[in-house]
Each structure stands twice: as structure tokens, then as C-alpha cells.
Amino acid sequence: MLRRELPLEAREGHVIRLAEGCIAPAPDGGVLQPVIPWTEQMQPLGYWHDVPVALSLEAEAGDDWPSGREWLARLPESRFGLVSTSLQVAAWLRNHRFCGRCGAPAARLDAEFAMHCHGCGHRNYPRISPCIITLVTHGESLLLARSPRFPPRRYSTLAGFIEPGESAEEAVRREIFEEVGVSVGRIRYFRSQAWPFPHALMLGFFAEAASRRIRIDGVEIADAAWFSPRQLPQLPPLYSISRALIETHLAEVAAR
Ligand SMILES: [Zn+2]
């Protein structure tokens, strides 16, 4: 596990080299480079088994640097926090170099993840965007949908950003109705997962459909259908909360 405490006194440690959403492979096949002295530009991240870890943002990715998604698919689940934290902190550093209020250059603070503007005092912290992700069920059946961006034949659960002023439960009902025209009854919270593409926090829910009639919007959703547990399409990757929702439902059906 990544220990989330900034190594303030550390001058050396592991380094994660990141550029353009890709991470350099280390000699051992993982993402943690062997311990080296750190430079001023590196961003301390935390501790891995009591050894400090810093992020090195580099200009260009090498040809053999896997993408963030490829790393998540390849590494054991215990490394998920390391990879997702690196990707999200990198996106934040890249996107908050200037103050959003007065436009002056912003400077990184040491004690926490914060970009500080010396012009007006405004601070920016890593952005985390809450999203709901929901498996809609009707008895044993699962409602799964395809985004136009998905690989061929892939279907997944429904997801969307929470709007300002909206609760997660309201977002579940609104997104499902907007995307597939289905009203849902009982909603049950599952769990959450950081999703670093680029900075979502997915809040997982199960929702019971009030009826099976589907009406898709044709924009965010290319197709949606009810699936039986015995005849499923290609599912999202194993490391995703979407897949965990589906597998949990299948296990509950099998146990009935
Ligand atoms: Zn400012």
C-alpha cells in the first residue's frame, strides 16, 4: 500500500517517471525506479514500504512506456493506489501551473499537495471529480450499455459526473434516466474507486429498475440492452469498479 504521508525530509527514494499519461518501466518490471537522489523538480508522493517515493514529470514518454490503463491491467491490485495517485498528481501539476483567479504563475508547496499563487493567495489542490457508476438490475438481468468510444462488443455499467449541488443518489437517478430512459426504485451503495482518467472518484451503486423498457439517447450511449447472467457481452477490465459491480451481482445471483 502507498502510505499517504508526504516524505518532507527525504532527499532520495524511489522515483516514478511519468510523461503524457505513460509510466516508465523499472528494471524489476514495475513502476518504482531504484532509489536515487531526488531533484528539486520531483514531487514527493508518499511511502512504499517505508521508502519515500517521488514523481518525476518528464517531457516525453519513451516508446516502451506503457499507458496508465496498461499498467493497471498488468500490475497486482496492491499497486493500484501508486499508479492512480501518480497519474492524478501529474495531471494536477500539469494543469495548475498558473493561478485560475489572477493568472500569475503558481508555485508548489512542500507540506501538502497544493499550488500556491503568490500574487493573490489563491490555492489549488488536486482536482477530484465525483462520478456515479451504477449497475441497473431487474431480477437477475443486468442493464449494460456501450459508449461510442468503447472497443467493439464491450458493454459496461452506466456512469456520469455529479452536477454541482446534486447528491450522489440524485445523480444515479438522473443519469440512468437521461442515458437509457429507465426509472429506478431502490438504490444500494457498493463502494468507491479512484479512476485516474483524468481525476474521477467513482461512487459505485446498484439500482433496481422499475421497468425494462429502454430508450437510449444515442449520443453518450450507442446501445444498451438487458443481459442474462448466462449470456454476457465482453465486460470492462478486471481492475475497474464497473467489473466489480457486475461480478458482485453475478455472485449474488449464483448464491440465490
Ligand atoms: Zn492568483
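Just so you know, these numbers come straight off a predicted model, no measurement behind them. (Residues numbered from 1 in each chain as written. Predicted model: local features only at pLDDT ≥ 70, side-chain atom pairs only at ≥ 80, totals over all residues.)

> Mind showing me how you'd approach the domain arrangement of the protein here?
The parts lose accessible area when they come together, and the size of an interface is often stated as this lost area. Looking at the protein, the domain boundaries give domain 1 (2-95) and domain 2 (129-255). Summarising the inter-unit geometry, the C-alpha centres of domain 1 and domain 2 are found 31 Å apart. Taken residue by residue, the interface counts nine residues in domain 1 and six residues in domain 2. Of all the secondary-structure elements, those providing two or more residues to the side of domain 1 that touches domain 2 are α1 (68-74) and α2 (80-95). It is α2 that contributes the most residues to the side of domain 1 that touches domain 2, five residues altogether. Residue classes in the side of domain 1 that touches domain 2 are distributed as five nonpolar, three polar and one charged. (Domains from an automatic or database assignment. Contact = placed C-beta atoms within 7 Å. Helix = DSSP H or I, 4+ residues; strand = E, 2+ residues; numbered from the N terminus. Nonpolar A, V, L, I, M, F, W, Y, C, P; charged D, E, K, R; others polar.)

> So what exactly am I meant to see when it comes to helix α4 (residues 241-255) here?
Because each turn of an α-helix spans 3.6 residues, side chains separated by three or four positions end up pointing in the same direction. Taking 1.5 Å as the rise per residue, α4 with 15 residues should run 21 Å; its terminal C-alpha atoms sit 21 Å apart, in good agreement. Those residues of α4 that sit buried are I241, S242, L245 and I246. For α4, the angular spread of buried residues about the axis comes to 150 degrees, placing them on one side. Away from its buried face by more than 90 degrees, α4 exposes E247, A251, A254 and A255. Buried residues belonging to α4 abut β10 (129-138), β11 (141-146), β13 (184-195) and β14 (200-209). (Expected span 1.5 Å × (residues − 1). Buried ≥ 20, exposed ≤ 12 C-beta atoms within 10 Å, placed from the backbone. Arc of directions from axis to C-beta.)

> Looking at this structure, how should I read the UniProt feature "domain: Nudix hydrolase" (unreviewed entry) in the protein?
According to UniProt, the feature "domain: Nudix hydrolase" (unreviewed entry) maps to residues 126-249 in the numbering used here. Within residues 126-249, the helical portion is 18% and the strand portion 38%, while the C-alpha atoms at the span's ends are 33 Å from each other. (UniProt positions renumbered as here; feature names shortened; annotations may be inferred.)

> Is there a simple way to explain the sheet that holds strand β7 (residues 106-108) in this structure?
Where strands meet in a sheet, backbone hydrogen bonds hold them as pairs that are either parallel or antiparallel. The three strands lie next to each other as β7-β8-β9, forming an open sheet whose pairing is antiparallel. The two strands at the open ends of the sheet, each matched to only one other strand, are β7 and β9 (123-124). Pairing analysis gives three bridges linking β7 to strand β8 (residues 115-117), with the strands arranged antiparallel. Counted as the bridge partner of A106 is C117 from β8. (Pairing = 2+ DSSP bridges.)

> Teacher, can you tell me more about the nonpolar core here?
As a rule of thumb, nonpolar side chains are buried together in soluble globular proteins. Grouped together as the largest cluster of nonpolar side chains are 28 residues, with contacts concentrated most on I132, V136, L143, I176, V180, V182 and A207. Elements with a minimum of two residues in this core: β10, β11, β12 (158-161), α3 (168-180), β13, β14 and α4. A total of six residues in this core trace back to one element, the largest contributor, which is β14. I16, I23, V53 and V89 belong to the second-largest nonpolar core, a separate cluster that totals 20 residues. (Core = buried A, V, L, I, M, F, W, Y, C linked by C-beta atoms within 7 Å.)

> Please explain unusual backbone geometry as it appears in this structure.
What you tend to see is this: most non-glycine residues have negative phi, and most peptide bonds are trans. Cis rather than trans, the peptide bond between F197 and P198 has omega equal to 0 degrees. The residue P198 is located in the loop between β13 and β14 in this model. Of note in the backbone geometry, E20 takes a positive phi value of approximately 55 degrees without being a glycine. For E20, the location among the structural elements is in the loop between β2 (12-19) and β3 (22-23).

> What exactly am I supposed to notice about α2 here?
Taking 1.5 Å as the rise per residue, α2 with 16 residues should run 22 Å; its terminal C-alpha atoms sit 23 Å apart, in good agreement. Taken residue by residue, α2 has L82, V83, S84, T85, S86, L87, Q88, V89, A90 and W92 as its buried positions.

> What exactly am I supposed to notice about the environment of P44 here?
Looking at where P44 falls in the secondary structure, it is placed in strand β5 (residues 43-48). Considered as a pair, P44 and E163 are 119 residues apart in the sequence and their alpha carbons are 32 Å apart. Excluding its chain neighbours within four sequence positions, the residues that come into contact with P44 are L6, P7, A10, P52 and A54.

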